[in-house]
Amino acid sequence: MSDSITTEQELYSQVSDELATKEQEAQDLLEQTPEESEEDAKVKEISELSKRGYQLLKENEVNEAKEMFSKILDIEENNNYALVGLGDAERKQNNFNAAIEYYSRCLSCHPGNNYALFGLADCYKAQNQYHKAIEIWEQYLVHDDQNITVLTRVADAYRKIRDFKKSKILYLKVLDMEENNAYALIGLGHLHYDFKEYKDALFYWTKMLELNEEAVDIRVLTSIGNCHRKLKTFDDGIRYFERALKMDPNNFYALFGLADCYRGMNMQYRSVEYWNKILAMDPKNKVILTRAGDAYRNTGDYKTAKEYYNKALDIDFDIYAALGLALICKGEGKYEEAVERLYRLIRNDEKNYRLYIDLADCYVKMNQKQKAIEALESFLKLGIRSTAIAELLERIQTKGTVF
């Protein structure tokens, strides 16, 4: 990437270069002075400790790096390299509040210090305080408005707070500066996906794939697959999820994508195959247990479906598992039990129109047309518009049937 600070490693390299310059200046002073002064010795010691500290950070020896930077503060109370170094060390250990204190202390003594601004913004981002992160990064951009790394970070933050316009403007600005910038392309993919603009998301992620066909990141493949899943072009989605599985046979997103594509194609036997592969790795996943239960129910295997639904409910209440058990009762002709279960669910989730549709269907099957009508009308009295409810009500009133 062409920006001035692209990675933490490069940031440390830049600091090291600055420290080398300081060390040379100190050495020049020594050569010019017959006797080494106390100040010169202090400058040299700080320079050496700083270089060692940043080298230790690069090597991920964080605690040892902290010792070096703390020694500097014993010599010079508000040394900017030491304060930033301690901030970076705390940030590496996910101690974000401690890191924020060091960066803020640095900025109070050295306003506009780019390294402190950069670290402070990253801390706020890690704490999901995106508005604060944006504010800090924008201070940074005053000094360097061509920094691609910062521009993409700000775009990411705007995406997180769902400011589509500002986020897209910054991503596109990055692409104007660097046509195929991976972070901007991926960011645009996520941005459009988050706003349910799946065709546009597909465009940017497909471009990423074209740029890295031979060494594609598996997340690009699953993202493309997810776009096809949302667009209901399931055959295309399957191709990308299968390609992802070749790279990692246990990838959750690829397995989930395949299961959901086959579910969308009503190929329940294939769907359950992949739900069970996920459950082999994560047997306590109640969402997947419920999805697998749905698949078994849709194949008519009520016995196995009940086992999966009950396993999910043993973990924690899940409305879809409870609904699945109600639908099994309906499928087995146990309409009164199904009605009882559905009313219990409605008491906890009265705005879920799907429950009323299944309830009305049970009443119709029991030849209780008026109760079916009353159930649907009770939903409409909540003041919620539902085309599905309105159409079903009209059909029962005119034809006496659900379908």
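Here the structure is a predicted model, which means the values were calculated and not measured. (Residues numbered from 1 in each chain as written. Predicted model: local features only at pLDDT ≥ 70, side-chain atom pairs only at ≥ 80, totals over all residues. Heavy atoms only, no water.)

(A) Quick peek at the overall build of the protein chain. Helix and strand content of the protein chain: 22 helices and 0 strands. Looking at the protein chain as a whole, 46% of its 403 residues are labelled buried. In the form shown here, the protein chain has an accessible surface area of approximately 21,100 Å², with 46% of it arising from carbon and sulfur atoms. (Helix = DSSP H or I, 4+ residues; strand = E, 2+ residues; numbered from the N terminus. Buried < 20%, exposed > 50% of the residue type's maximum accessible area, 1.4 Å probe, protein only. Areas by Shrake-Rupley, 256 points an atom, 1.4 Å probe, with all protein chains shown as cover.)

(B) Just the side chain of R297, in detail. Looking at the secondary structure, you find R297 in helix α16 (residues 286-298). Take R297: its relative accessible area is 16%, and that puts it in the buried class. At 3.0 Å, the side chain of R297 forms a polar contact with the side chain of Y309. In this view, R297 contacts Y302, A305, Y309, G324, L327 and I328; residues no more than four positions away in its chain are not counted. (Polar contact = N/O pair within 3.5 Å; in protein donor to acceptor, adjacent residues only side chain to side chain. Contact = heavy atoms within 4.5 Å.)

(C) Focus on helix α6 (residues 114-126). With 13 residues, α6 extends 18 Å from end C-alpha to end C-alpha; this agrees with the ideal 18 Å at 1.5 Å per step. Where burial is concerned, most of α6 is hidden: 10 out of the 13 residues are buried. Where α6 is concerned, the buried positions are Y115, A116, L117, F118, G119, L120, A121, D122, C123 and Y124. At the N-terminal end of α6, a side-chain oxygen is found 3.0 Å from the backbone nitrogen of Y115, two or three residues along, and the residue is N113. Positive phi appears at N128, one or two residues downstream of α6, with a value of about 65°. (Expected span 1.5 Å × (residues − 1).)

(D) Structural view of helix α12 (residues 218-231). Taking 1.5 Å as the rise per residue, α12 with 14 residues should run 20 Å; its terminal C-alpha atoms sit 20 Å apart, in good agreement. Taking burial as the measure, the 14 residues of α12 include 11 buried ones, the bulk of the element. Every buried residue belonging to α12 is among I218, V220, L221, T222, S223, I224, G225, N226, C227, H228 and R229, and all of these are buried. Looking at the buried side of α12, the elements it contacts are α10 (182-194), α11 (198-211), α13 (234-247) and α14 (252-264).

(E) Representation of a negative patch on the surface within the structure. Together, E59, E61, E64 and E67 make up a negatively charged patch on the protein surface. Tracing the backbone through its elements, the reader meets E61 in the loop between α2 (38-58) and α3 (62-75). Accessibility expressed as a relative area gives 34% for E61, which makes it partly exposed. (Patch = residues over 30% accessible without salt bridge, like charges linked within 9 Å, V, L, I, M, F, W, Y side chains within 5 Å. Salt bridge = Lys/Arg side-chain N within 4 Å of Asp/Glu carboxyl O. Lys, Arg positive; Asp, Glu negative; His and termini not counted. Charge placed at Lys NZ, Arg CZ, Asp CG, Glu CD.)

(F) How the structure looks around the nonpolar core. The biggest cluster of nonpolar side chains holds 97 residues, and the ones touching the most others in it are F69, V154 and W275. The element contributing the most residues to this core is α6, with 8 residues. Ignoring any residue separated from it by four or fewer positions in sequence, one finds V154 in contact with I134, W137, L141 and L170. Core analysis: the second largest hydrophobic core is formed by 27 residues, I319, A338, L359 and A372 among them. (Core = buried A, V, L, I, M, F, W, Y, C linked by side-chain atoms within 4.5 Å.)

(G) The arrangement of the pattern of salt bridges in detail. As enumerated under the stated definition, the model contains 24 salt bridges in all. Across the pair K66 and E90 runs a salt bridge whose closest N-O atoms are separated by 3.2 Å. In this pair, K66 sits in helix α3 while E90 sits in helix α4 (residues 80-92), placing the two residues 24 residues apart along the sequence. Of the two residues examined, K66 and E90, each falls in the buried class. A salt bridge links R159 to D194, with the shortest nitrogen-to-oxygen separation between them at 3.7 Å. Highlighted residues: R159 in helix α8 (residues 148-160) and D194 in helix α10, separated in sequence by 35 residues. The exposure class assigned to R159 is buried, which follows from its relative accessible area of 13%. When salt bridges that share partners are traced, they join K330, R354, D358, D361 and K365 into one network.

(H) Looking closely at the side chain of D358. With respect to the secondary-structure elements, D358 resides in helix α20 (residues 353-365). Under the relative-accessibility criterion, D358 is labelled buried at 7%. A distance of 3.1 Å separates a polar atom in the side chain of D358 from a polar atom in the side chain of R354. Contact partners of D358, with chain neighbours within four places excluded, come to L323, L327, K330 and L342.

(I) Here's a closer look at the environment of G53. Summarising the element assignment, G53 is placed in helix α2. In this structure, the C-alpha to C-alpha distance between G53 and A89, residues 36 residues apart in sequence, is 9.6 Å. G53 has contacts with A65, M68 and F69, leaving out every residue within four places of it along the chain.

(J) The confidence of the model for the protein chain, seen in detail. In the predicted model, the protein chain carries a mean pLDDT of 91, and 90% of its residues have values of at least 70. Per-residue pLDDT, averaged within each element of the protein chain, yields its smallest value for helix α1 (residues 8-32) (54) and its largest for α12 (98). In the model, residues 1-6 has pLDDT below 50 throughout and makes 23 contacts with residues more than four positions away in sequence or in other chains. (pLDDT = per-residue confidence, 0-100.)

(K) Spotlight on the packing of α12 against α13. Contact pair α12 / α13: the axes reach a minimum separation of 8 Å and the direction vectors enclose 160°. Considering the angle they form, α12 stands roughly antiparallel to α13. Considering how the two elements wind past one another, α12 and α13 form a crossing that is left-handed. Listed contacts from α13 to I218, L221, T222, I224, G225, N226, H228 and R229 of α12 are F234, D236, G237, Y240, F241, R243, A244 and M247. Class assignment of the residues belonging to the contact of α12 with α13 gives a composition of 8 nonpolar, 5 polar and 3 charged. (Axes fitted to C-alpha atoms, helices over the stretch in contact; angles between N-to-C directions. Parallel < 35°, antiparallel > 145°, perpendicular 65-115°, else oblique. Left-handed = near helix turned anticlockwise from the far one by under 90°. Nonpolar A, V, L, I, M, F, W, Y, C, P; charged D, E, K, R; others polar.)

(L) View of a positive patch on the surface. On the surface, a cluster of positive charge is contributed by R162, K196, K230 and K232. Residue position: K232 is located in the loop between α12 and α13. A relative accessible area of 62% means that K232 is categorised as exposed.

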